[in-house]
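Structural features, examined
Below, each chain spelled out in residue letters.
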Amino acid sequence: SDVYKRQLRPSSSETDTLTTTQIFSEEMIDVSFDYILPPSPENSVESNLNIIPEVRYCSAPYGICIEDYSTVVTTYSVGDELELLIDVDGNQLDDGFYLFQIQIQDSFLTLSNNLTQYIVLDQNQPLVELTAIEQVSESEMVVVDVEASDGYTGSRFVITWTITEPGESPRSVTEAETMQENRLEFETKKSGMYTVTALVRDLGGHFVVVEHNVSVMNQQPTAVVRFDGFQIFNDSVVTIPSDGTWVFSANDSTDTGNDQQSLEYYWYVDGKSLLSGKSYLESSDIQSSSYRTIHVEVVDDDGASNELSFQVIQQEAESKESLADVPLYSILTIFIMLSLGFLYVLRKRTQSDVNSGFVKWTERGKKSKN
């Protein structure tokens, strides 16, 4: 019967040792077990002090020993439970996963059952390296990688990420931003300095905090103006009907995706501010009947801007140019040329009439003599 055998059992405060792992981060490994001893034979006295524990260990990063068991020196006490103290430095134990086998032996050298306990020893802080780009343009993606090592096979880490955007308080990352447990990817929606913080905690409860700053540069917008579907370039000359309906549109102006919807437009005519807030300029927006230069400025939410200016010519105004606008010397020149031309034609006609009459009279005279 089991009642008459020496037995080790998991401590009442612990669950099954075969399915649990105890983690130790100090210089001493402290484990406790319940035990059962058989009744003492008649005329014999058996004391708990005669219980001697035997402890062996092996390295087991994957839950299976990868080497032979070695004996470990312990300090123990026997009371309601068997408490074992293992000096880590004295037994030259490095950080890692171990399988411990524990038995007890009584004064008759009888061994109990063999109890196995999984143990992780982790006394040191992890080594953490964070890598990421240092400068990007606004609206680009930033990838951050964290590599951590505890110096032993099978070590695991929990990483807690936070992002501090320009002018904002730190925030936790979203599920979409977490590509892997140790990799973060996010979009830079504002220009300025971003700070990425990673808190790395190992199995022993040690944690390391690393930070990385990413400078995000704002991209200047590009002003694009069209008239009747054709793009207008800087210093272009555009002919428009003065009495018709026309529209200059800057809707095709471009910027980064996050700034595109917040672009502001400012229109100037002949150097004077005319209109703001609209991405297009209509003929009805201009009250003056005479204007030459139109200027548009496109500004993003960071204050960066791009400008474009062009000249306009009104067709009707050109076709009805008044005489008063023609220089005086031009009028005099035209008058003189017309006068000389008229005199020349008149003289030629007079000479032609005189010569023609003389010839006809001479011929008639000759004919009458006959």
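As a reminder, the structure under discussion sits directly above these lines.
Read on for a plain summary of the structure. Bear in mind the structure is a predicted one, so any value in this text is a computation, not a measurement.

Rules used throughout
Residues numbered from 1 in each chain as written. Predicted model: local features only at pLDDT ≥ 70, side-chain atom pairs only at ≥ 80, totals over all residues. Heavy atoms only, no water. Helix = DSSP H or I, 4+ residues; strand = E, 2+ residues; numbered from the N terminus. Buried < 20%, exposed > 50% of the residue type's maximum accessible area, 1.4 Å probe, protein only. Contact = heavy atoms within 4.5 Å. Areas by Shrake-Rupley, 256 points an atom, 1.4 Å probe, with all protein chains shown as cover. Pairing = 2+ DSSP bridges. Phe/Tyr/Trp six-rings, centres within 6.5 Å; stacked < 30°, edge-to-face > 60°. Disulfide = S-S within 2.5 Å. Axes fitted to C-alpha atoms, helices over the stretch in contact; angles between N-to-C directions. Patch = residues over 30% accessible without salt bridge, like charges linked within 9 Å, V, L, I, M, F, W, Y side chains within 5 Å. Salt bridge = Lys/Arg side-chain N within 4 Å of Asp/Glu carboxyl O. Lys, Arg positive; Asp, Glu negative; His and termini not counted. Charge placed at Lys NZ, Arg CZ, Asp CG, Glu CD.

Right, let's talk about the overall build of the chain for a bit. Per the secondary structure count, the chain includes three helices and 27 strands. When the 370 residues of the chain are sorted by exposure, 35% land in the buried category. Put simply, 63% of the contacts in the chain that link residues at least 6 apart link residues at least 24 apart. Element-wise, carbon and sulfur atoms account for 51% of the exposed surface of the chain, whose accessible area totals about 22,900 Å².

Moving on, we come to the pairing of strand S26 (residues 293-299). By the criterion of burial, S26 is predominantly enclosed, with six of the seven residues buried. Strand direction decides the pairing type here: strand S23 (residues 264-269) and S26, joined by six bridges, are antiparallel. Opposite tryptophan 267, over in S26, you have valine 296 as the bridge partner. Here S26 pairs with strand S27 (residues 305-314) via seven bridges, running antiparallel. Paired with valine 299 across the strands is serine 305, a residue of S27. Hairpin connection, S26 to S27: the antiparallel pair is bridged by five residues, and glycine 303 has positive phi, about 90 degrees.

Remark: the centre distance and the inter-plane angle together describe each pair of aromatic rings, the angle taken between the planes. By the definition in use, this model includes nine aromatic pairs. For the ring pair phenylalanine 227 and phenylalanine 248, a centre distance of 5.0 Å and an interplane angle of 35 degrees mean the geometry is tilted. With a gap of 21 residues between them, phenylalanine 227 in strand S19 (residues 225-227) and phenylalanine 248 in strand S22 (residues 247-249) connect regions that are remote in the sequence. The same class applies to phenylalanine 227 and to phenylalanine 248, which are both buried. Within the aromatic cluster, the residues linked to one another by ring pairs are Phe227, Trp246, Phe248, Tyr291 and Phe310.

Bringing the state of the cysteines into the picture now. Summed over the entire model, instances satisfying the criterion amount to one disulfide. The disulfide partner of cysteine 58 is cysteine 65, and the S-S distance across this bridge is 1.7 Å. Since a negative S-S torsion denotes a left-handed disulfide, the cysteine 58-cysteine 65 link at about -65 degrees is left-handed. Residue cysteine 58 is classed as buried on the basis of its relative accessible area of 0%.

The next point concerns unusual backbone geometry. At glutamine 92, a position not held by glycine, the phi torsion is positive, near 55 degrees. Note on placement: glutamine 92 falls in the loop between strand S7 (82-87) and strand S8 (96-105). One non-glycine residue with positive phi stands out, namely aspartate 270, at about 50 degrees. Among the secondary structure elements, aspartate 270 is positioned in the loop between S23 and strand S24 (272-276). The class for aspartate 270 is partly exposed, based on a relative accessible area of 39%.

With that out of the way, let us pick up the sheet that holds strand S12 (residues 141-149). Strand order across the open sheet formed by four strands is S10-S12-S16-S15, with antiparallel pairing between neighbours. Here the strands that pair on one side only, and so sit at the sheet edges, are strand S10 (127-132) and strand S15 (178-180). Adjacent strand axes in the sheet meet at a mean angle of 20 degrees, parallel and antiparallel pairs treated alike. Sheet analysis places S15 next to strand S16 (residues 183-187), joined by two bridges and oriented antiparallel.

What follows covers a negative patch on the surface. A contiguous patch of negative charge, built from Glu26, Glu27, Asp87 and Asp89, is present on the exposed surface. Along the polypeptide, glutamate 26 turns up in the loop between strand S2 (21-24) and strand S3 (28-36). Of the residues examined, glutamate 26 reaches a relative accessible area of 54% and is grouped as exposed.

By secondary structure assignment, the location of isoleucine 36 is in strand S3. Each C-alpha atom, one on isoleucine 36 and one on arginine 9, is 8.2 Å from the other, the two residues being 27 residues apart in sequence.

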